[in-house]
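Chains, contacts and geometry: an overview
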Amino acid sequence: MAAIRLTPEDKKRLIATHAECIATMHGVAGCAVVKATPPGDVTNISGGVLDDDLMRRVLIYLRGRAVPGKLVVVCTENEKSWRIARLSGVHGVAPTFVADTIFHNEQDIQHAIFEMRISELG
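Now for a description of the structure that goes with this document. For clarity, every value in this text was computed on a predicted model and none was experimentally measured.

Some words on the packing of helix α2 (residues 53-64) against helix α3 (residues 106-120)
- One can describe the packing of α2 onto α3 by two numbers: an axis separation of 11 Å at closest approach and a directional angle of 90°. Taken as axis vectors, α2 and α3 run roughly perpendicular relative to one another. When α2 is examined against α3, the residues Met 55, Val 58, Leu 59, Leu 62 and Arg 63 are found in contact with a partner set consisting of Phe 114, Arg 117 and Ile 118.

Now the structure itself:
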């Protein structure tokens, strides 16, 4: 998979778009980068990956990479708490947590990990 190069302006715009989409998805199981209108109701969606080709390509790239050190979401208490970790890249070696921050919904941790992944792109 070819690397994606983003300008600082691209990164800023993608993070803002992602935050806007994620904010409308609270209360919805899973994580989709689209805008729900009204928030939490996915019967009417727009924006995000539906309208933004760069967002779509970046998400495919970030989610498809199988590299040591990849950031992942780890559920630490079923349906209650999540943390960000890094994969070791070695079969059988557990991921290591990157911070002590505990998230209490899927949407906030998905946005935090997106910001971290974007900042790590060249």
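What about the sheet that holds strand β3 (residues 71-77)?
- Ordered in space as β3-β4-β5, the three strands form an open sheet in which the pairing is antiparallel. Each end of this open sheet is capped by a strand with a single partner; those strands are β3 and β5 (96-97).
- One ladder, built from six bridges, connects β3 with strand β4 (residues 81-86); its direction is antiparallel. Bridge pairing links Glu 77 to Ser 81 in β4.
- Packed on one face of the sheet, α3 meets β3 and β4 and runs near 155° to β3.

Thresholds applied
Residues numbered from 1 in each chain as written. Predicted model: local features only at pLDDT ≥ 70, side-chain atom pairs only at ≥ 80, totals over all residues. Heavy atoms only, no water. Axes fitted to C-alpha atoms, helices over the stretch in contact; angles between N-to-C directions. Helix = DSSP H or I, 4+ residues; strand = E, 2+ residues; numbered from the N terminus. Parallel < 35°, antiparallel > 145°, perpendicular 65-115°, else oblique. Contact = heavy atoms within 4.5 Å. Pairing = 2+ DSSP bridges.

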